[in-house]
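# Working through the structure, step by step
For reference, the chains in residue letters:
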Amino acid sequence: MIFLYYLLFSSSVLIYGIGFNTAIILCDSISAQKLQFLKTILTLLVTTVATSAICTSFIVPLKLAPLYPLVCIVIFLGISIFFETMIRITTAKTTSNFSFSFLIILLALNESVNLLEAVLICLSSLLSFILVMLLTHIIKRNSTYARDTSVNFRALVLLAMATLLASTFFVDLTKFAKGGVL
Amino acid sequence: MILTAIIFILVMLSIFVLLFFMLFILVPAIIKQTKISEDFILSKTEHNFQKLRTHSQTISPSARAKVMCKQENKNNTTRSPYSCKVIHTLYNRISQCTFMCIGSGDCAKVCPQGAIDIAHGVAVVNNFCTGCGKCVAVCPVNIIKMVDANSASSLAPQKRYSKLPISIYSSLCNCKTIPDKSPAL
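Residues numbered from 1 in each chain as written. Chains lettered and ligands numbered in written order. Predicted model: local features only at pLDDT ≥ 70, side-chain atom pairs only at ≥ 80, totals over all residues. Heavy atoms only, no water.

This next bit is on a nonpolar patch on the surface. Judged by side-chain polarity, B:Met1, B:Ile2, B:Ile6, B:Leu10, B:Leu13 and B:Val17 come together as a nonpolar surface patch covering roughly 650 Å² of accessible area. With respect to the helices and strands, the residue B:Leu13 is situated in helix α1 (residues 2-34). (Patch = residues over 30% accessible without salt bridge, like charges linked within 9 Å, V, L, I, M, F, W, Y side chains within 5 Å. Areas by Shrake-Rupley, 256 points an atom, 1.4 Å probe, with all protein chains shown as cover. Salt bridge = Lys/Arg side-chain N within 4 Å of Asp/Glu carboxyl O. Helix = DSSP H or I, 4+ residues; strand = E, 2+ residues; numbered from the N terminus.)

What follows covers the side chain of A:Thr40. Mapping A:Thr40 onto the fold places it in helix α3 (residues 34-59). Residue classification places A:Thr40 among the buried residues on the basis of a relative accessible area of 4%. (Buried < 20%, exposed > 50% of the residue type's maximum accessible area, 1.4 Å probe, protein only.)

What follows covers α1(B). Under the 1.5 Å per step criterion, the end-to-end length of α1(B) is 46 Å for 33 residues, consistent within 8% with the ideal 48 Å. All of the buried residues in α1(B) are B:Phe8, B:Met12, B:Ile15, B:Leu19, B:Met22, B:Val27 and B:Ile30. Contacts from the buried residues of α1(B) go to α3 and α4 (68-91) of chain A. Downstream of α1(B) by a residue or two, B:Lys35 has a phi angle that is positive, lying close to 60°. (Expected span 1.5 Å × (residues − 1). Contact = heavy atoms within 4.5 Å.)

Okay, the layout of surface pockets next. Residues and elements named next belong to chain A. Computed from the structure, the second largest pocket encloses a volume of approximately 220 Å³. As for the second largest pocket, its lining consists of Ser52, Cys55, Thr56, Ile59, Val60, Ala65, Tyr68, Leu109, Ser112, Val113, Asn114 and Leu115. In terms of residues, the lining of the second largest pocket owes the most to one element, α3, which gives 4 residues. Residue composition of the lining of the second largest pocket, grouped by class: 8 nonpolar, 4 polar and no charged. (1 Å grid on protein atoms, 1.4 Å probe; cavity = no way out; pocket = protein on both sides within 12 Å on 5 of 7 lines; lining within 4 Å. Points joined across faces, edges and corners; volume = space filled by probe spheres on them. Nonpolar A, V, L, I, M, F, W, Y, C, P; charged D, E, K, R; others polar.)

All names here are of chain A. One can describe the packing of α3 onto helix α5 (residues 99-111) by two numbers: an axis separation of 10 Å at closest approach and a directional angle of 40°. The pairing of α3 with α5 is recorded here as oblique in orientation. Note that α3 runs across α5; the crossing there is right-handed. Here α3 contributes Thr40, Thr43, Leu44, Thr47, Thr48, Thr51 and Ser52 to the contact with α5, which in turn contributes Phe100, Ser101, Ile104, Ile105 and Leu109. Within the contact of α3 with α5, the residues separate by chemical class into 5 nonpolar, 7 polar and no charged. (Axes fitted to C-alpha atoms, helices over the stretch in contact; angles between N-to-C directions. Parallel < 35°, antiparallel > 145°, perpendicular 65-115°, else oblique. Left-handed = near helix turned anticlockwise from the far one by under 90°.)

Further remarks concern helix α4 (residues 84-91) of chain B. Residues and elements named next belong to chain B. Buried residues of α4: Cys84, Ile87 and His88, and no others. The buried residues of α4 occupy an angular sector of 100° when the element is viewed end-on, so they sit on one face. Those residues of α4 that are exposed and aimed more than 90 degrees away from the buried face are Lys85, Thr89 and Leu90. The inward-facing, buried residues of α4 abut α5 (106-110). Taken from the residues just after α4, Asn92 is the one with a positive phi, measuring 70°. (Arc of directions from axis to C-beta.)

Written as structure tokens, this is what we have:
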């Protein structure tokens with residue numbers, strides 16, 4: 001249920017706008033982003049697990065909860081640079097990405113109650129980003145085929161996202177959750 | 001409680017030391033070895049965000065560059081120490097195709113936006129292009145053209161770029177997108 005909720009109904013891209021600009025820019029070359037997705041998945045998982053472990057072991061007992069974004073960013077930078085280094089040495093390609101990954105980790109840590117939930121939110125947010133990228137790619141391809149230069153591509157994307165967002169609001173989520181609790 | 005605080009401080013200290021090592025020793029070494037000077041933390045989108053806003057308003061927001069070669073460069077000249085201009089002067093072409101991208105990255109080096117990537121030995125223009133046209137001037141094979149940003153896939157130039165030669169398909173090459181027969185070639 002959490003997976004479906006953060007994939008469609010409360011998508012990180014549609015509701016929070018995380019990675020919306022990136023999705024529009026990278027939609028031209030989705031197949032070329034495989035390595036970036038792999039690195040993002042690894043970074044998200046490792047950072048979420050490490051931050052969550054440090055939070056439960058040290059930050060919560062010491063009553064320093066407001067400091068968790070600082071811990072998160074320090075761990076994220078270390079892991080992100082490590083993976084980026086490995087990728088650059090082995091493939092000579094760049095996959096650096098900061099705001100999207102970091103904001104998803106913050107979202108996951110904020111909205112989860114345990115480690116499993118945090119990991120699920122991370123993965124579903126990434127998947128929702130890929131879905132939005134695919135949708136943007138389709139809109140861009142069709143608008144290019146139409147060869148109608150009077151239609152602004154970004155306006156079309158915004159309209160499509162608004163329609164998608166509005167359509168998800170009409171779905172009764174309680175049907176999916178047993179006992180009516182999400 | 002004190003023991004937990006001490007362990008927490010030690011853990012954070014070790015992470016900071018690791019980060020310091022990565023940022024000031026490992027990253028410069030990797031940049032020197034791979035010759036890729038792009039940011040390790042920020043992506044191009046984030047790095048160029050401010051530049052993109054200012055440049056797109058001042059240069060030519062409705063034009064963008066397009067590389068008219070989609071064939072994979074199997075000769076892999078990307079890591080060649082020579083520039084495209086040198087390779088073109090020495091060998092004229094790198095395959096049977098006269099219009100094939102040499103892939104040594106002269107255009108990528110002059111691009112102020114970092115809008116050109118070399119993928120599979122062929123230059124690819126991404127969405128950061130602001131249409132300044134610097135890459136067009138440095139390409140020795142003349143396969144980079146300025147097209148309308150709103151219809152970048154179109155091969156035919158728009159009215160406002162009527163000075164540019166019209167691109168045509170050629171039977172000389174297996175590529176699906178072939179540049180025009182310019183006098184220089």
